[in-house]
Amino acid sequence: MKCSRCHEEAVIYYPQSRQALCAEHLKEYIERKVKRAIERFKMLKRGEKVLVAVSGGKDSLMLWEILVDMGYDTEGLYIDLGLGEYSKSSEEYSRGFAEERDLTLRIVRVKEDHGIDIVAAAKRLRRPTCSVCGTVKRYIMNREAVEAGRVLATGHNMDDEASTLLGNLLTWNGEQLLRASPSLPSTHPKLARRIKPLIYVSERESATYCFSHGIKYIIPECPYSEGARLSVVKEALSKIEDRSPGSLLNFVDGFYRKSEGILCRRNGGIKEGVELKPCPLCGYLTSSSGPCAFCRLKSLFSSGE
Ligand SMILES: [Zn+2]
Ligand SMILES: [Zn+2]
């Protein structure tokens, strides 16, 4: 099949518009979608620098490449969560990507730099590994972005957004719905602005992009991932998308546009009435009265325990 815009071989086909695109025109199309997300949700002001959180997966690496090509000043952040082989190979893909393109990649090691063993902590606290991992990732991403004076960008794509939104709607998880905003402002010097420039880009598009632009990425999911409920939702959404292409885009875009102003996004995605105070140990914000969740994890492993 030929590209609908030029005579190159197509790499992707859109049934709803009966359009096919070659690798270069797919890139142009994705860049337009990223630009639209950035403008619509006022994600970046002129001259603002970006810290791209990379996991070695297709979405975050593609996002980094696209932002670089669009002319943004970027650095990458890779967090070594200490999850064995999985962490090792996702680091290799992230480093390989950065080295090939001569980009700066910051690496934070949860075990070596902060003394936290995520798997052991989850066992001791009888919490799911994913939830401890989430606490650690959120803290480190925010802290690194604040210290670097950069806006934090993550590679959440349209399918991720749609399944998170639908999952949270099914359980009416109001607080999570608030946090899912594509652009959370910084409301405090210790709180980085967080943006999701890929909310209009589908998983199929980012996989096709990486494949056709020579980006190598890690395919297996994290061995601790507990996406059971989410994958049922994802499956249902992909059936809906198959039957009626374009539904996911309408769902995600419609939700964010219509909910603006209703949700207390101006408060940085923090629930009204929740007051954040500086953690007495690290100075970053927490809703708890004592040390923050990250410092409490750290204390599990400090000497004398
Ligand atoms: Zn073309
Ligand atoms: Zn703390």
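In this text the structure is predicted, and so the values were computed from the model without any measurement.

Caption draft 1: Quick look at the pairing of strand β4 (residues 74–80). By the criterion of burial, β4 is predominantly enclosed, with 5 of the 7 residues buried. Pairing analysis gives 5 bridges linking strand β3 (residues 50–54) to β4, with the strands arranged parallel. When the sheet's bridge partners are listed, Leu51 is paired in β4 with Glu75. Since β4 and strand β5 (residues 105–109) lie parallel, the crossover through helix α3 (residues 84–101) that links them has a hand, and here it is right-handed.

Caption draft 2: Expanded view of the nonpolar core. If you look at the biggest cluster of nonpolar residues, it comprises 63 residues, and the most contacted ones within it are Val52, Val136 and Ala153. Top element by residues in this core is helix α6 (residues 129–148). It accounts for 7 residues. Not counting residues within four places of it along the chain, the set of residues in contact with Ala153 comprises Val50, Leu51, Val52, Ala53, Leu63, Leu67, Ile195 and Pro197.

Caption draft 3: Inspection of the packing of helix α1 (residues 23–40) against helix α9 (residues 203–212) at higher detail. Direction vectors running N to C along α1 and α9 enclose 135°, while the axes themselves pass 10 Å from each other. What the angle tells us is that α1 and α9 run oblique. When you trace α1 past α9, the crossing you get is left-handed. Where α1 approaches α9, its residues Ala23, Leu26, Lys27 and Ile30 are matched on the opposing element by Glu205, Thr208, Tyr209 and Ser212. Its residues assigned to classes, the contact of α1 with α9 comprises 4 nonpolar, 2 polar and 2 charged.

Caption draft 4: Here's a closer look at the sheet that holds strand β8 (residues 194–195). Taken in spatial order, the 6 strands of this open sheet run β5-β4-β3-β6-β8-β7, and their pairing is mixed. Of all the strands in the sheet, the pair left with one neighbour each is β5 and β7 (183–184). Inspection of the sheet shows β7 paired to β8 by 2 bridges, in the antiparallel sense. Each bridged residue has a counterpart across the sheet, and for Leu184 the counterpart in β8 is Arg194. Relative to the sheet, helix α2 (residues 58–69) contacts β3, β4 and β6 (151–153), its axis offset from that of β3 by approximately 155°.

Caption draft 5: How the structure looks around helix α12 (residues 293–300). Inspection of α12 places Phe294, Cys295 and Leu297 among the buried residues, and these make up the whole buried set. Take α12 and look down its axis: the buried residues cluster within an arc of 155°, on one side only. Those residues of α12 that are buried are in contact with α5 (118–125) and α6.

Caption draft 6: Representation of unusual backbone geometry. Of note, Lys42 is a non-glycine position whose phi angle comes to about 45°, a positive value. Along the polypeptide, Lys42 turns up in the loop between α1 and β3. Phi is positive for Trp172, close to 45°, though the residue is something other than glycine. Within the secondary structure, Trp172 is located in the loop between α7 (158–170) and α8 (174–179). Trp172 gets classed as exposed once you count the C-beta atoms within 10 Å, which come to 8.

Each value, and the rule that gives it
Residues numbered from 1 in each chain as written. Chains lettered and ligands numbered in written order. Predicted model: local features only at pLDDT ≥ 70, side-chain atom pairs only at ≥ 80, totals over all residues. Buried ≥ 20, exposed ≤ 12 C-beta atoms within 10 Å, placed from the backbone. Helix = DSSP H or I, 4+ residues; strand = E, 2+ residues; numbered from the N terminus. Pairing = 2+ DSSP bridges. Right-handed = clockwise from strand over helix to strand, strands pointing away. Core = buried A, V, L, I, M, F, W, Y, C linked by C-beta atoms within 7 Å. Contact = placed C-beta atoms within 7 Å. Axes fitted to C-alpha atoms, helices over the stretch in contact; angles between N-to-C directions. Parallel < 35°, antiparallel > 145°, perpendicular 65-115°, else oblique. Left-handed = near helix turned anticlockwise from the far one by under 90°. Nonpolar A, V, L, I, M, F, W, Y, C, P; charged D, E, K, R; others polar. Arc of directions from axis to C-beta.

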